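Here's the letter readout for the chains.
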Amino acid sequence: KGDFRSATMTELTTYRNARSYGFCPGCSHGLVLDALDRVLVRLQWDPAATVIVTDIGCVGLSDQYFATSGFHGLHGRSLTYATGIKLARPDLHVINLIGDGGCGIGCAHLVSAARRNIGVATIVFNNLNFGMTGGEHSVTTPTDQKTATTPWGNTEVPLDIAQTVAVNGATYVWRGTAFDPALDEQLEIALRHDGFALLDVWELCVAYYAAANRVGPKELQATMDQLGFVSGVIKRADRVEGSTALRAVWQGHVGKRVHLTNPLETTFSHNLDGPRAIIIAGAAGARVRTAGHALGTAATLSGLWTTQRDDYPVTVRSGHSMSHILVSPDPIHFTGIANPDALFVLSEEGWEKTAALAGRMDGTQCVFALPELAGRLVTRAQVRSFRPGALKGIAAAGRSLAVVAAGIAVLGFLSPESLIAAAGQLNPAYAQANQAAVRKALAVTDVLFEA
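None of these values were measured; they are calculated from a predicted model.

## Examining the nonpolar core
- One finds Ile-278, Phe-344 and Leu-414 to be the most contacted residues of the largest nonpolar core, which totals 62 residues.
- If we skip the residues at most four places from it in the chain, Phe-344 touches Ile-278, Ile-279, Ile-280, Ala-281, Phe-368, Val-403, Val-404, Gly-407 and Ile-408.

Structure, rendered in structure tokens:
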């Protein structure tokens with residue numbers, strides 16, 4: 001009935017064999033999948049703990065034929081998904097099925113997976129062209145071979161996938177064809193390998209590539225030889241698997257001790273019954289992002305979930321600077337802000353970026369702005385202007401932080417003590433000055449703002 005939770009790999013393969021592949025008749029993909037199926041049956045891994053990751057292309061149809069866990073994603077990105085799965089769950093058996101098209105589109109991901117030696121067995125279904133979309137040439141199409149986009153013959157040098165990953169850190173690499181008698185053995189070695197293993201399996205796309213170039217199983221091997229591409233086992237090495245190496249660093253076993261636990265312990269309470277969105281808008285160089293960081297830190301110290309997204313131009317110390325802060329007693333699943341609950345307008349540049357936004361705010365929301373900017377705002381929100389003169393004694397670098405801290409104190413959902421503590425969590429070189437600025441602003445809040 002399709003409930004495979006307690007099935008063995010042998011029982012699952014019986015179910016799979018009752019189905020037919022959706023590939024073109026004669027496609028070599030089926031040979032490789034049959035071999036993978038036989039190996040998985042022999043290994044008898046828990047199907048739920050075995051993850052087959054695919055992307056777009058003919059090979060992307062493959063995961064549906066296996067009653068294992070699976071992940072199907074974007075073209076060329078399967079190795080990023082596989083890497084993330086292995087990092088999050090190193091106990092899983094992760095198998096990546098990818099075509100030569102995906103290797104070309106995601107070549108940087110391919111190289112990085114090899115560099116990391118991430119524990120993913122990667123099987124490249126290399127049929128030397130883009131078979132799903134009409135037989136266009138790919139990064140592995142041999143020179144002079146004809147495809148839909150190179151009817152005169154390919155003029156490019158093909159990518160040597162196997163040697164590329166071998167030289168960049170993969171610890172097991174093999175190249176052969178879908179017709180190689182050693183394929184089952186090599187698949188089992190790759191699946192058992194503790195590190196990044198890649199099998200570059202050359203195949204026949206009978207619909208396009210083989211038909212255009214009159215290529216058969218023997219010609220595949222001959223083409224490898226003509227190109228000088230070594231077949232068989234190309235590399236076998238011992239190196240710590242990527243997720244294991246990373247966890248060793250995290251756990252302090254290698255190099256400097258690093259803690260994964262959140263260093264910001266909940267030490268204050270909050271007065272918040274739902275999410276709040278705050279935007280701080282000012283000028284570049286005025287430490288707007290620092291003010292946002294302090295606000296987020298204070299919220300985290302108070303036991304709230306917090307996100308920060310900053311917006312600024314590519315120029316340095318010119319133009320606007322904005323910080324978007326979300327705080328919530330519940331997990332935050334979307335970090336965009338369409339309509340803030342509180343808006344701080346700290347400069348002309350900030351006004352230019354947020355004037356239209358303020359126009360969408362209503363009477364339940366609040367804007368804190370310089371007096372000359374407050375009068376120009378067209379908004380239904382409550383507007384409180386602040387007197388810069390009330391911040392006398394606070395250096396210019398600390399004024400954004402001071403105004404935001406005072407404004408949050410007026411809103412009342414965070415305690416003054418959390419804001420002072422958060423200021424001390426910033427750059428240690430400025431911790432005392434930051435805390436002094438916040439204390440000063442909190443002491444003059446009653447005269448700093450006017451409605």
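## What about the sheet that holds strand E13 (residues 342-345)?
- Taken together, seven strands build an open sheet; the order of strands is E11-E12-E10-E13-E14-E15-E16 and the sheet is mixed. Unpaired on one side and paired on the other, strand E11 (305-311) and strand E16 (449-450) mark the two borders of the sheet.
- Bridge analysis of E11 against strand E12 (residues 320-328) gives seven bridges, and the strand direction is antiparallel. Each residue of the ladder has a partner; that of Thr-306, found in E12, is Val-327.
- Against the sheet, helix H11 (residues 288-301) contacts strand E10 (276-283), E11 and E12, and its axis sits at roughly 5 degrees relative to E12.
- In the packing of helix H14 (residues 399-411) onto the sheet, contacts are made with E10, E13, strand E14 (366-369), strand E15 (382-386) and E16, and the angle to E13 comes to roughly 155 degrees.

## Comments concerning the pattern of salt bridges
- In this structure the tally under the stated criterion is 10 salt bridges.
- Two residues, Arg-89 and Asp-91, come together in a salt bridge whose shortest N-O distance is 2.8 Å.
- Residue classification places Arg-89 among the partly exposed positions, given a relative accessible area of 41%.
- Residue Asp-91 is classed as partly exposed on the basis of its relative accessible area of 47%.

## Looking at empty space enclosed by the protein
- Under the counting rule described, the total for this entry stands at two cavities of 30 Å³ or more.
- The volume enclosed by the second largest cavity comes to roughly 40 Å³.
- Taken together, Ala-291, Ala-294, Leu-295, Leu-401, Val-404, Ala-405 and Leu-419 form the lining of the second largest cavity.
- Going through the elements one at a time, H11 and H14 are the ones with two or more residues in the lining of the second largest cavity.
- Of the residues assigned to the lining of the second largest cavity, the class counts are seven nonpolar, no polar and no charged.

## Examining the packing of aromatic side chains
- A full pass over the atoms with the stated rule returns eight aromatic pairs.
- Summarising the aromatic geometry, the rings of Trp-202 and Phe-229 are spaced 6.2 Å apart at their centres and angled 85 degrees between planes, so their arrangement reads as edge-to-face. With Trp-202 in strand E8 (residues 197-202) and Phe-229 in the loop between helix H9 (217-227) and strand E9 (232-236), the pair connects residues that are 27 residues apart, well separated along the chain. Judged on exposure class, the residue Trp-202 and its partner Phe-229 are both buried.
- By way of ring pairs, the aromatic residues Phe-344, Phe-368, Phe-386 and Phe-449 are connected into one cluster.
- For the cation-ring pair, Arg-287 lies above Tyr-430, with the distance from its terminal atom to the ring centre recorded as 5.5 Å.
- Here the basic side chain of Arg-376 rests over the ring of Trp-351, its NZ or CZ set 4.2 Å away from the ring centre.

## Comments concerning helix H15 (residues 416-424)
- If you check which residues of H15 are buried, you get Ser-418, Leu-419, Ile-420, Ala-422 and Ala-423.
- Against H11, H14 and helix H16 (431-443) lie the buried residues of H15.

## Thoughts on the environment of Thr-68
- When you line up the elements, Thr-68 lands in the loop between strand E1 (50-54) and strand E2 (69-72).
- In the structure, Thr-68 is positioned 45 residues away from Phe-23 in sequence and 20 Å away in space, judged by C-alpha atoms.

## What about the environment of Leu-79?
- Within the secondary structure, Leu-79 is located in helix H3 (residues 78-88).
- Expressed as a C-alpha distance, the spacing of Leu-79 and Ser-328, which sit 249 residues apart in the sequence, is 34 Å.
- Aside from chain neighbours lying at most four places away, what touches Leu-79 is Asn-96, His-109, Leu-110, Ala-113, Val-120, Thr-122 and Phe-196.

## Side note on the packing of H11 against H15
- Two elements in contact, H11 and H15, have axes whose closest approach is 8 Å; the angle formed by their N-to-C orientations is 120 degrees. Put simply, H11 runs oblique to H15. Considering only the axes of H11 and H15, their crossing is right-handed. Contact residues: Ala-294, Thr-297, Ala-298 and Leu-301 in H11; Ser-418, Leu-419, Ala-421 and Ala-422 in H15.
- Here the contact of H11 with H15 is composed, by residue class, of six nonpolar, two polar and no charged.

## Overview of unusual backbone geometry
- The backbone of Asn-117 shows a phi angle near 55 degrees, a positive value even though the residue is not glycine.
- For Asn-117, the location among the structural elements is in the loop between helix H5 (107-116) and strand E4 (120-126).
- Despite not being glycine, Arg-214 has its phi angle at roughly 50 degrees, a positive value.
- Note that Arg-214 resides in the loop between helix H8 (209-213) and H9.

What counts, and where the lines are drawn
- Residues numbered from 1 in each chain as written.
- Predicted model: local features only at pLDDT ≥ 70, side-chain atom pairs only at ≥ 80, totals over all residues.
- Heavy atoms only, no water.
- Core = buried A, V, L, I, M, F, W, Y, C linked by side-chain atoms within 4.5 Å.
- Buried < 20%, exposed > 50% of the residue type's maximum accessible area, 1.4 Å probe, protein only.
- Contact = heavy atoms within 4.5 Å.
- Pairing = 2+ DSSP bridges.
- Helix = DSSP H or I, 4+ residues; strand = E, 2+ residues; numbered from the N terminus.
- Axes fitted to C-alpha atoms, helices over the stretch in contact; angles between N-to-C directions.
- Salt bridge = Lys/Arg side-chain N within 4 Å of Asp/Glu carboxyl O.
- 1 Å grid on protein atoms, 1.4 Å probe; cavity = no way out; pocket = protein on both sides within 12 Å on 5 of 7 lines; lining within 4 Å.
- Points joined across faces, edges and corners; volume = space filled by probe spheres on them.
- Nonpolar A, V, L, I, M, F, W, Y, C, P; charged D, E, K, R; others polar.
- Phe/Tyr/Trp six-rings, centres within 6.5 Å; stacked < 30°, edge-to-face > 60°.
- Lys NZ or Arg CZ within 6 Å of the ring centre and 35° of its normal.
- Parallel < 35°, antiparallel > 145°, perpendicular 65-115°, else oblique.
- Left-handed = near helix turned anticlockwise from the far one by under 90°.

So far we have only geometry, and geometry alone does not tell us how the molecule works.
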